[in-house]
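Overview (structure and organization)
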Amino acid sequence: MMIIIGKVIHGAQLGRRMGFPTANLDATQIKGADNGVYCSRAVVDGKIYGAMSNLGCRPSVDGNNRLLETHIFDFHGDIYGKTIEVRLLSKIRDEKRFDSIEELRRQLERDADMCRAALADGAPKKESFVSMIRRACSTIYPRGKQRM
Ligand SMILES: Cc1cc2nc3c(=O)[nH]c(=O)nc-3n(C[C@H](O)[C@H](O)[C@H](O)COP(=O)(O)O)c2cc1C
């Protein structure tokens, strides 16, 4: 598992129009995690939510800056400017280029089904002892953008 802590920045708002708004963190400094789509959890104001995240450059919309985009399940609220924690639990697929926004939207629906099922299955329980210690340390010392 990898934990990323950062401030939510503005995106292009396309996610919202597709029905999947995302909390975006700058990911240019993140090392040690491959680009791709992850089943994740997000911590906002001390509350933990199930989530799904894309780490990468969004080839379908010609994005160029590397971002960590997280769609938080069952969360409705404005979190721009807030500092949040994203826990990448397991990679579910590679990031790919879709020919249309509609195809990307359909894929996001499949991703959401898979992640919700994995989270309900208790994905966090598979966390190793070492990552648990790392997580505890990063919670106590949350300075810096990225902690393993
Ligand atoms: C779970 C998830 C999976 C994604 N997978 C891809 C992908 O495979 N290819 C891609 O180009 N963009 C992918 N995206 C990024 C979307 O293109 C992006 O969220 C959308 O363009 C909205 O961007 P915005 O935050 O700037 O509005 C994914 C986003 C999420 C949340």
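As the structure is a computational prediction, the values presented were derived from the model and not from experiment. (Residues numbered from 1 in each chain as written. Predicted model: local features only at pLDDT ≥ 70, side-chain atom pairs only at ≥ 80, totals over all residues.)

Here's the deal with the overall build of the protein chain
Put simply, the rule is: Each helix corresponds to a stretch of at least 4 residues labelled H or I by DSSP, and each strand to a stretch of at least 2 residues labelled E; elements are numbered beginning at the N terminus. Exposure is read from a count of other C-beta atoms within 10 Å of each residue's own; the residue is exposed at 12 or fewer, buried at 20 or more and partly exposed in between. C-beta atoms are placed from the backbone.
Of the regular secondary structure elements, the protein chain holds three helices and seven strands. Helices and strands in the protein chain line up, N terminus first, as β-α-β-β-β-β-β-α-α-β. Residue burial in the protein chain is summarised as follows: out of 148 residues, 28% are buried.

A closer look at the nonpolar core
Burial of nonpolar side chains together is a common tendency in soluble globular proteins. Operational definition: By definition, a nonpolar core groups buried Ala, Val, Leu, Ile, Met, Phe, Trp, Tyr and Cys residues that connect through C-beta atoms lying within 7 Å of each other. Placing C-beta atoms from the backbone, we regard two residues as in contact once those atoms come within 7 Å.
Counting 23 residues, the largest nonpolar core has Tyr38, Ala42, Leu68 and Val86 as its most contacted members. Sorting the residues of this core by element identifies strand 1 (2-7), strand 2 (23-26), strand 3 (36-44), strand 4 (47-56), strand 5 (67-72) and strand 6 (83-93) as the ones contributing at least two each. Ignoring sequence-local partners within four residues, the contact set of alanine 42 consists of Ala23, Tyr49, Ala51, Thr70, Ile72, Ile84, Glu85 and Val86.

What about the site of the ligand?
This is how the line gets drawn: We count a residue as near a molecule or strand when its backbone-placed C-beta atom lies within 6 Å of that partner.
Around the ligand there are 23 residues in total, and Gly11, Ala12, Gly15, Asn54 and Ser60 lie nearest to it. Only helix 1 (14-18), strand 4, strand 5 and helix 2 (101-120) provide two or more residues apiece to the shell around the ligand. It is helix 2 that provides the largest number of residues to the shell around the ligand, a total of three residues.

Focus on the pairing of strand 4
Put simply, the rule is: Strand pairing is assigned whenever DSSP identifies at least 2 bridges connecting the two strands.
Inspection of the sheet shows strand 3 paired to strand 4 by nine bridges, in the antiparallel sense. Bridging across to strand 4, valine 37 finds its partner in asparagine 54. Following strand 3, the chain reverses through two residues before pairing antiparallel with strand 4; aspartate 45 in that reversal takes a positive phi of roughly 50°.

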